[in-house]
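# Structural overview
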Amino acid sequence: MIRIFKEKPILFSAPMVRAILDGSKTQTRRMINPQPFIDAQGNFCWNGFCFGQDSSGNPRSDTLASPLPNSKTGKISCPYGKQDDQLWVKETWQGYRQVSIEYDEWEEMDSPKDRHDYDFKPVYRADGKSDPNKWLPSIFMPREFSRIQLEIVSVRVERLNDCSPQDAIDEGIHWRGDKFIGVLDVTPERTGPVMAYQDLWESINGAGSWDKNPWVWVIEFKVVKP
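Numbering of residues begins from 1 in every chain and follows the order in which that chain's sequence is written. Confidence filtering applies because this is a predicted model: local features only for residues at pLDDT of at least 70, side-chain atom pairs given and counted only at 80 or more, and all residues used for totals across whole chains, interfaces and linings. Note that the side-chain values use all heavy atoms of the structure and ignore hydrogens as well as water.

## With respect to the pattern of salt bridges
Pairing is possible between side chains that carry opposite charge, provided their charged atoms lie close to one another. Just so we agree on the cut-off: A side-chain nitrogen of Lys or Arg and a carboxyl oxygen of Asp or Glu constitute a salt bridge if their distance falls within 4 Å. Per the convention used, a helix needs a DSSP run of H or I reaching at least four residues, while a strand needs a run of E reaching at least two, with both numbered from the N terminus. Per-residue accessibility, obtained with a 1.4 Å probe over protein chains only, is compared with the maximum for each type, and a residue is labelled buried under 20%, exposed over 50%, and partly exposed between these values.
Within this structure, the stated rule accounts for 11 salt bridges. Here E171 ties to K25 by a salt bridge, and the two come within 2.6 Å at their closest N and O atoms. Placement of the pair is E171 in the loop between helix 2 (165-170) and strand 11 (174-176) and K25 in the loop between helix 1 (14-21) and strand 2 (27-31), with a sequence separation of 146 residues. Using a relative accessible area of 3% as the deciding quantity, one classes K25 as buried. Using a relative accessible area of 2% as the deciding quantity, one classes E171 as buried. Salt bridges linked by common partners bring K25, R29, R156, E158, D167 and E171 together as one network.

## Side note on the environment of K121
The topology assignment puts K121 in strand 9 (residues 120-124). With 27 residues separating them along the chain, K121 and Q94 place their C-alpha atoms 8.7 Å apart.

## Topic: the environment of E171
Defined as follows: Under this definition, polar contacts are N or O atom pairs within 3.5 Å; protein pairs additionally need one hydrogen-donor-capable and one acceptor-capable atom, and for neighbouring residues in sequence, both atoms have to be side-chain atoms.
Along the backbone, E171 and V194 are 23 residues apart, and their C-alpha atoms lie at a distance of 9.9 Å. A polar atom in the side chain of E171 sits 3.3 Å from the side chain of Y197.

## Points about the side chain of Q94
Quick reminder of the rule: Whether two residues are in contact is decided by their heavy atoms: any pair within 4.5 Å suffices.
Its location among the elements puts Q94 in strand 7 (residues 93-100). When its relative accessible area of 0% is taken as the criterion, Q94 is described as buried. A polar contact of 2.5 Å, which involves the side chain of Q94, links it to the backbone oxygen of K134. Filtering out sequence-adjacent residues up to four positions away, Q94 remains in contact with E108, M109, K121, P122, V123, P132, K134, W135 and L136.

## Quick look at the packing of aromatic side chains
Convention followed: The rule is short: rings of Phe, Tyr and Trp, with Trp giving its six-membered ring, pair when the centres are within 6.5 Å, and they are stacked under 30 degrees, edge-to-face over 60, tilted in between. We call a charge positioned over a ring when the NZ of a Lys or the CZ of an Arg lies within 6 Å of the ring centre and within 35 degrees of the ring normal.
Enumeration over the complete set of coordinates arrives at 5 aromatic pairs. Relative to W210, the ring of Y197 lies with its centre 6.0 Å away and its plane at 80 degrees, an arrangement referred to as edge-to-face. Here W210 lies in the loop between helix 3 (193-205) and strand 13 (215-225) and Y197 lies in helix 3, a separation of 13 residues in the sequence. Of the two residues, Y197 and W210, both sit in the buried class. Three or more aromatic residues joined by ring pairs form one cluster here, namely Y197, W201 and W210. Lying across the ring of F12, R30 places its NZ or CZ 4.8 Å from the centre.

This is the structure we're talking about:
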């Protein structure tokens, strides 16, 4: 049976890429845009639709993880895909093109639009094995140079502050010595995984962004390449 899935790009910083490659990061949280809201009747409303409540009286945010009809786009759903879809990772990179076969000479690309003459080899900031004069931003990475393919295991919607200790660990927060610390080097040490993840979130999204407690897509994934 031929398996059919959709494929979309997703950006990760170099520290996050390292956490994905070492197996410590299996979740990512991304803010929903535009932000949903709860109306006067307690309905969960987003992008022109209201989803009502579940049997427990909570907003039915779970339905956002599945395609629903929309007059403009044909569906409303997580922009990163649904279960079994795949994501190709865009990361900070640089490319070296071979300018001389005889002397095995290589030079950095000036821009992502540069093409190689004889051969081409990409390098990745997450690997920490080279130090080019200029790194190319992840957003400009072409599909052909992506080395990591992810498969979406599940998608759900929740408030950012609902992140559990296990969720924080699955986001890449890890144990060092006697404390949990964040993935990024700039993240200060904290006393628990959720607090460490709060520091990580704010280092990316700005001070005070955790306290705003936005609705987020929670995307659980597994690596299928490499």
